[in-house]
Structure formats: C-alpha cells, structure tokens
Amino acid sequence: MALEQLLNRLKMDHLQASLDSLCEHASKQDLNYREFLEQALLQEWGGRHQKGLESRLKQARLPWIKTLEQFDFSFQPSIDHKIVRELAGLGFVERGENVVLLGPPGVGKTHLAVALAVKAAEAGHRVLFMTLDRLVSTLLRARQENRLDRQLQQLTYPKVLVLDEMGYLPMTREEASLFFRLINRRYERASTILTSNKSFMDWGEIFGDQVIATAILDRLLHHSTTLNIKGESYRLKDKRRAGLVTTPTTKEEETSLAPDSVPMSSD
Ligand code: ADP
Ligand code: MG
C-alpha cells in the first residue's frame, strides 16, 4: 500500500498534510530513523491535540477566552495567589470538587472562572459555561417538555460546569429546586465553578427558601474552594483614575461579603 493511502487509512491527516516539509526537515537535520519517527508522530499528536482543544473550547460556549496569565493579581490583592495556582493545577477537577468565586461586579470572577475552564479544556476535560439565567431557563423548558431527567443527565457530563452570575436574579421555589437537583447530581462527580455577587448569607434570599439554600450550600461547599474577592472593579479602574467615577459606584459594589479567601474542605 502506498504511504499516502496508509496515512489515509490510519487517519493521520496532520502527518499527511506536513509530510513533505517533515521529510525535508529530516534530511536537512540529518535525523536518524528513530528521531524522524518521533518527529512524525509528534506532528500527528500535536495536530490532534490542537483540534481536540478547539472542539472542546467550542463546545464549552465560553463568552470569551481569558487566561490566568492575563490576570493582573497585583490589582486584586485580596486574592490569594497560592490558592489560584493550586486550582490551576486542576486537582479540584480530578477530585470533582467545586470552586465558588464571590465578589462585587468587575473584580474578575468570570475572568478567573473562564481561565480555569480553559486550563481544564487544555488538559482534555469536557467543559461547559452557562449563566445562571440560561441554566434556569434550560431546566424549566426541559421540565415543560418532559425531558428534565435527560437534560439533568446531560449537564452532569461536563467535567467542569461554570455557572456564572448567581444572585443577580432571585429564583422562584421551583427554579431553586431544579437548581438543587442539578447540584445534587453533580455532587462528588464533577466540578462546578460558581460565581456570585452575593455572600453565602444572602443565598436564602436568592433561592427564596432557607431550607433549599442550606441544602444547596451543603452539597456545593462540602468539597470546595471559595475565593472571596474584595476590591475595586477592573472595568472602572481607568475611569476612576480619570476621576469620572467615585468609589464605590453602585449598591451592588457595596454588598458586604463573607470572610476572606478561604479554602473550604470540611473533611
Ligand atoms: P466579574 O465577573 O467579577 O464582574 P469580569 O471577570 O467580567 O468581572 O471582569 C471584567 C473585565 O475586567 C474582564 O474583561 C476581565 O478580563 C477584566 N479583569 C478583571 N479583573 C482583572 C484583573 N485583575 N486583571 C486583568 N483583567 C481583569
Ligand atoms: Mg462576571
């Protein structure tokens, strides 16, 4: 069988595409057989990895791509750099633990959540990003259409589920109980990264029911890391510097939050 045909059958598209330049490179560099084989397989592997990553990132539906390297930690001294580094190691994903990012608007909650999700996708994990708002409407629609169970099951597949912006809109009791069912399904199986502008004390208000709020917090925080970001909005920093806004600006930004960044693991 000819080489082209073999590569075709073996589905080595990336190697096939760069075969000529690889051979040229090998002869210029005087590579031995072993080195050449290594380069050739590396080319195929690299191409597959990149394609896989692109497809995982597409499926993740991130609002934008931001990385941890793009995050200016000096602007947000309340964040313990060590904790973020530890999270970036993705041990929490392996262990199915959660991350809760709390803080007023603009302090980088979504940025950090997205950056961790990108890291997880790079490591080969399936990732999904949803605003709380979209999650709730997705679950409500699924219930209406009698396919809630299947929908909940689908939402347990991603190894990392980012739920962004909890607390902007209060939930009805029905919505809160749907949310609880999802958290319960994912509990100890897969990681959820949640961002909220409300402190844990205010969760009763969000869910309209203290009992459900307690049950949700119980599952969510059992194995989890909470980062409580206290600081200025990054969005407003330039405006503030120019004297266009005074500190603090909105009621939301005055929201008092629970204690400092604390890694929580109750066992
Ligand atoms: P939040 O979700 O807390 O409201 P975002 O994560 O959306 O805030 O941040 C608002 C914008 O500011 C984003 O474009 C984000 O990338 C940027 N940003 C926030 N904090 C930082 C930071 N410390 N370093 C770099 N960019 C930041
Ligand atoms: Mg946000």
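Residues numbered from 1 in each chain as written. Chains lettered and ligands numbered in written order. Predicted model: local features only at pLDDT ≥ 70, side-chain atom pairs only at ≥ 80, totals over all residues. Heavy atoms only, no water.

### Concerning the packing of helix α3 (residues 19-28) against helix α4 (residues 33-60)
Contact pair α3 / α4: the axes reach a minimum separation of 10 Å and the direction vectors enclose 150°. One finds that α3 runs roughly antiparallel with respect to α4. Handedness of the crossing formed by α3 with α4: right-handed. Here L22, C23, H25 and A26 of α3 lie close against α4, whose contacting residues are F36, Q39, A40 and Q43. The class makeup of the residues in the contact of α3 with α4 is five nonpolar, three polar and no charged. (Axes fitted to C-alpha atoms, helices over the stretch in contact; angles between N-to-C directions. Helix = DSSP H or I, 4+ residues; strand = E, 2+ residues; numbered from the N terminus. Parallel < 35°, antiparallel > 145°, perpendicular 65-115°, else oblique. Left-handed = near helix turned anticlockwise from the far one by under 90°. Contact = heavy atoms within 4.5 Å. Nonpolar A, V, L, I, M, F, W, Y, C, P; charged D, E, K, R; others polar.)

### With respect to the environment of M130
Inspection of the secondary structure puts M130 in strand β2 (residues 127-131). Considering only alpha carbons, one finds M130 and L62, 68 residues apart in sequence, at a separation of 8.0 Å. When near neighbours in sequence (up to four residues on either side) are disregarded, M130 contacts L135, T138, L155, V162, L163 and D164.

### A word on the site of ligand 1
Within the structure, ligand 1 sits among 14 residues, and K66, D72, G106, T110 and H111 are positioned closest to it. Contact distances for ligand 1 include 2.7 Å between an oxygen atom and a side-chain N or O atom of K66. One of the backbone nitrogen or oxygen atoms of D72 is found 2.8 Å away from a nitrogen atom of ligand 1. Considered on its own, ligand 1 offers 560 Å² of accessible surface; in the complex 89% of this is hidden by protein. (Near = heavy atom within 4 Å. Polar contact = N/O pair within 3.5 Å; in protein donor to acceptor, adjacent residues only side chain to side chain. Areas by Shrake-Rupley, 256 points an atom, 1.4 Å probe, with all protein chains shown as cover.)

### Considerations on the pairing of strand β5 (residues 223-228)
Of all six residues that make up β5, six are buried, and the element is covered over most of its length. Of the two faces of β5, the one carrying H223, T225 and L227 and the one carrying S224, T226 and N228 are both buried. In this structure, strand β1 (residues 98-102) lies alongside β5, joined through five bridges in parallel fashion. In the sheet register, V100 faces β5, and the bridge partner there is T226. (Buried < 20%, exposed > 50% of the residue type's maximum accessible area, 1.4 Å probe, protein only. Pairing = 2+ DSSP bridges.)

### Some thoughts on the pairing of strand β3 (residues 160-166)
The buried count for β3 comes to six of seven residues, which makes it a mostly enclosed element. In terms of strand pairing, β3 meets strand β4 (residues 191-196) through five bridges, oriented parallel. Residue pairing for β4: L163 is matched across the bridge by L194.

### Brief notes about the pattern of salt bridges
Under the counting rule described, the total for this entry stands at nine salt bridges. We note a salt bridge from E145 to R147, for which the minimum N-O separation is 2.8 Å. (Salt bridge = Lys/Arg side-chain N within 4 Å of Asp/Glu carboxyl O.)

### Structural notes on helix α5 (residues 81-88)
Along an α-helix, residues three or four apart share an orientation, since each turn contains 3.6 residues. Listed as buried for α5 are I83, V84, L87 and A88. One face of α5 carries all of its buried residues, which in axial projection span an arc of 140°. Exposed residues lying more than 90 degrees from the buried face of α5 are K82, R85 and E86. The residue sitting at the N-terminus of α5 and contributing the capping side-chain oxygen is D80; that oxygen lies 2.9 Å from the backbone nitrogen of K82. Two residues or fewer after α5 comes L90, characterised by a positive phi angle close to 65°. (Arc of directions from axis to C-beta.)

### As for unusual backbone geometry
Of note, the phi angle at L90 is positive, near 65°, even though the residue is not glycine. One can find L90 in the loop between α5 and α6 (91-94). For N146, which is not glycine, the phi torsion reads 55° and is therefore positive. The residue N146 is located in the loop between α8 (132-144) and α9 (148-154) in this model. Taking relative accessible area as the criterion, N146 reaches 74% and is therefore assigned exposed.

### Some words on the domain arrangement of the protein chain
The figure often quoted for interface size is the accessible area lost as the parts come together. Along its sequence, the protein chain is carved into domain 1 (3-58) and domain 2 (62-265). When domain 1 packs against domain 2, the two sides together hide about 470 Å² of surface, and 65% of this comes from carbon and sulfur. It is L53, R56 and L57 that lose the most area in domain 1 upon contact with domain 2, and together they represent 90% of the buried surface on that side. The interface formed by domain 1 and domain 2 holds zero salt bridges in total. At the boundary of domain 1 with domain 2, the tally comes to one residue pair in polar contact (both at pLDDT 80 or more). Considering only residue class, the side of domain 1 that touches domain 2 consists of two nonpolar, one polar and one charged. (Domains from an automatic or database assignment. Buried area = accessible area lost by both parts, 1.4 Å probe.)

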